[in-house]
Amino acid sequence: MPTSHVITWEVSGSKGVETAWIELGADALRARGRAVGTVPEPYWISYELDTADAFVTRRLHVTAESADGVRTLDLRHDGAGRWTANGEHRADIDGALDCDLGLCPLTNTMPVLRHGLHRMSGERELLMAWVSVPDLTPVASRQTYTHLGPGRTRFVSGDFRRDIRFDDDGFVVDYPGLATRLG
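Residues numbered from 1 in each chain as written. Predicted model: local features only at pLDDT ≥ 70, side-chain atom pairs only at ≥ 80, totals over all residues. Heavy atoms only, no water.

**Looking at unusual backbone geometry**
Geometrically, the link from V39 to P40 is a cis peptide bond, its omega value of 10 degrees lying close to zero. Looking at where P40 falls in the secondary structure, it is placed in the loop between strand 3 (29-37) and strand 4 (43-51). Across the junction of V133 and P134, the peptide omega takes the value 10 degrees, indicating a cis bond. Along the chain, the position of P134 falls in the loop between strand 10 (123-131) and strand 11 (138-149). One non-glycine residue, F55, lies in the positive phi region at around 60 degrees. Position of F55 among the secondary structure elements: in the loop between strand 4 and strand 5 (57-66). By relative accessible area, which is 6% here, F55 ends up buried. (Helix = DSSP H or I, 4+ residues; strand = E, 2+ residues; numbered from the N terminus. Buried < 20%, exposed > 50% of the residue type's maximum accessible area, 1.4 Å probe, protein only.)

**Comments concerning the side chain of H115**
Looking at where H115 falls in the secondary structure, it is placed in helix 1 (residues 109-115). Within the local environment of H115, its side chain forms a polar contact with the side chain of R124, the two groups lying 3.2 Å apart. The residues contacting H115, other than those within four sequence positions of it, are M120, R124 and L126. (Polar contact = N/O pair within 3.5 Å; in protein donor to acceptor, adjacent residues only side chain to side chain. Contact = heavy atoms within 4.5 Å.)

Listed below in structure tokens is the structure:
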């Protein structure tokens, strides 16, 4: 039986805030969220995220509004390794299992839950479909997650490195320089 969560983060990386309404099952999650930020420019986003078995992203639908207007991204994974963005095949991100919405602490949950890295030893290098905010451009991103201890996982992407704290359910509690859970 899925459990419901409502989580709000202060997102220092965007100088904003995000709230996600999440349904967490044994091996999948569904979420919808809203965020407002002022960095790199004032914006708001609204997203819906659905995963399939093993927390593999099935779909991320995002709408962003900024001074440049309204943009929408419909990012889909076919379950066999192929991705489309707004209906166009994206070979550059084929093979990724997860999306990673920029400045969004929720999307660190899927790889951590899939591999239990908030609870047990291990290290995983992953290809992610990273989506920049607020322009909603998906790009391939190599990321490594390493278990450091109960509820602690190191995240590395290129020269960027952070030790993230997760709760028992695999949700970000503290992501230094990006987000801290409120409440």
